[in-house]
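An overview of the molecular structure
Next come the chains, spelled out residue by residue.
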Amino acid sequence: MEHFCESHSSESNSLKFTENIEGIDEWPHSWPEGEISYRLNNKTKDVLKERLQHKAVTVSLRAWQLRIRKLKFRRERTPGASVDFNVSFEPLSHFDNMKGVLAHAYFPGQGDISGDCHINDEWNWTTHSALQKLSTPPLVPVLIHEFGHSLGLRHDTTAMDSIMYPSFDLGKKKNSLHPRDVARIQERYGARTISQRIIDYFRNRRDMGWDFD
Ligand SMILES: [Zn+2]
């Protein structure tokens, strides 16, 4: 069986995240040191501009990238070229027609599907943090959470403000990693030094904005 985390809507204006893993151990697999390629394959046909969809994926991966040393994410622009993280908007049928499902992502160490993230195109996603509600769920925090699984993290119930907490109250801005998330990802992939982070920040500052609608 393939292991993943799936995000669902809930009645209390929050999102719930569910892992289909038994037991409480940490996930045993990580990615080997080196490059991780990614590409957004199927775009949504909603009003969300294609440029913003690509940016949401890049910004979400960068939240992790800025903290770790052993992995380097690279956007693959060639359609059809093999990549590690295949990201795609998928029709409702992909999610067994379960309208409540927002997205799911696969843990590493499971062959080709590892790291892939599928987003339910049935939802009217937004990239603007001020518009968070169930009718327009926020794409970036959901992607940061799901990519945490793609990298091998399981849920963290010790800090409600961590991105890997198993629920997320809409309207509450949750756009960066909690110290718990940082400590956990650095345990797997090493810590990026302050000077590396400053270089990254200035190199990428045009793309650092969170509200890019
Ligand atoms: Zn999850």
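The rules behind the values
Residues numbered from 1 in each chain as written. Predicted model: local features only at pLDDT ≥ 70, side-chain atom pairs only at ≥ 80, totals over all residues. Helix = DSSP H or I, 4+ residues; strand = E, 2+ residues; numbered from the N terminus. Rg over C-alpha atoms; globule rule 2.2 N^0.38 Å. Buried ≥ 20, exposed ≤ 12 C-beta atoms within 10 Å, placed from the backbone. Contact = placed C-beta atoms within 7 Å. Pairing = 2+ DSSP bridges. Axes fitted to C-alpha atoms, helices over the stretch in contact; angles between N-to-C directions. Core = buried A, V, L, I, M, F, W, Y, C linked by C-beta atoms within 7 Å.

Re the overall build of the protein
Assigned secondary structure in the protein consists of four helices and eight strands. When the helices and strands of the protein are listed from N to C terminus, the series reads β-β-β-α-β-β-β-β-α-β-α-α. For 213 residues, the compact-globule estimate of 2.2 N^0.38 gives 17 Å, and the protein sits close to it at 16 Å. Seen through its principal axes, the protein has C-alpha atoms that stretch 40 × 40 × 35 Å. Out of the 213 residues belonging to the protein, those deemed buried represent 38%. Residue pairs at least 24 apart in sequence account for 71% of intrachain contacts in the protein once pairs closer than 6 positions are excluded.

What to know about the sheet that holds strand β3 (residues 34-40)
With mixed pairing, eight strands are arranged side by side in an open sheet as β4-β3-β5-β7-β6-β1-β2-β8. The strands lining the two open edges of the sheet, one partner per strand, are β4 (71-75) and β8 (167-169). Ignoring which end each strand starts from, the neighbouring axes of this sheet average 15° apart. Two elements, strand β1 (residues 4-10) and strand β2 (residues 14-19), share six bridges in a ladder whose sense is antiparallel. When the bridges of β2 are listed, Cys5 appears paired with Glu19. Running at roughly 155° to β3, helix α1 (residues 50-65) makes contact with β3, β4 and β5 (85-90) of the sheet.

Some thoughts on the nonpolar core
Grouped together as the largest cluster of nonpolar side chains are 46 residues, with contacts concentrated most on Val57, Ala105, Cys117, Leu143 and Phe147. For Ala105, the contacting residues outside a window of four places in its chain are Phe4, Cys5, Asp116, Cys117, Glu146, Phe147, His149 and Ser150.

Things to note about helix α3 (residues 179-189)
For α3, the full list of buried residues reads Asp181, Val182, Arg184 and Ile185. Each element contacted by the buried residues of α3 is listed here: α1 and α2 (139-150). Within two residues after α3, Gly190 carries a phi angle of roughly 80°, on the positive side.

Describing the pairing of strand β6 (residues 101-106)
Among the six residues in β6, six count as buried, and that is most of the element. Here five bridges tie β1 to β6, and the two strands are oriented antiparallel to one another. Counted as the bridge partner of Ser7 is Ala103 from β6. As defined by bridge partners, β6 adjoins strand β7 (residues 117-120) across three bridges and the pair is classed as antiparallel. Within β7, the residue paired with Ala103 across the bridge is Ile119.

Focus: the environment of Ser30
Residue position: Ser30 is located in the loop between β2 and β3. Judged by C-beta crowding, with 19 C-beta atoms within 10 Å, Ser30 ranks as partly exposed. Counting along the chain gives 79 residues from Ser30 to Gly109, while the straight-line C-alpha distance between them is 7.0 Å. With residues up to four places along the chain from it excluded, the contact list for Ser30 reads Pro108, Gly152 and Arg188.

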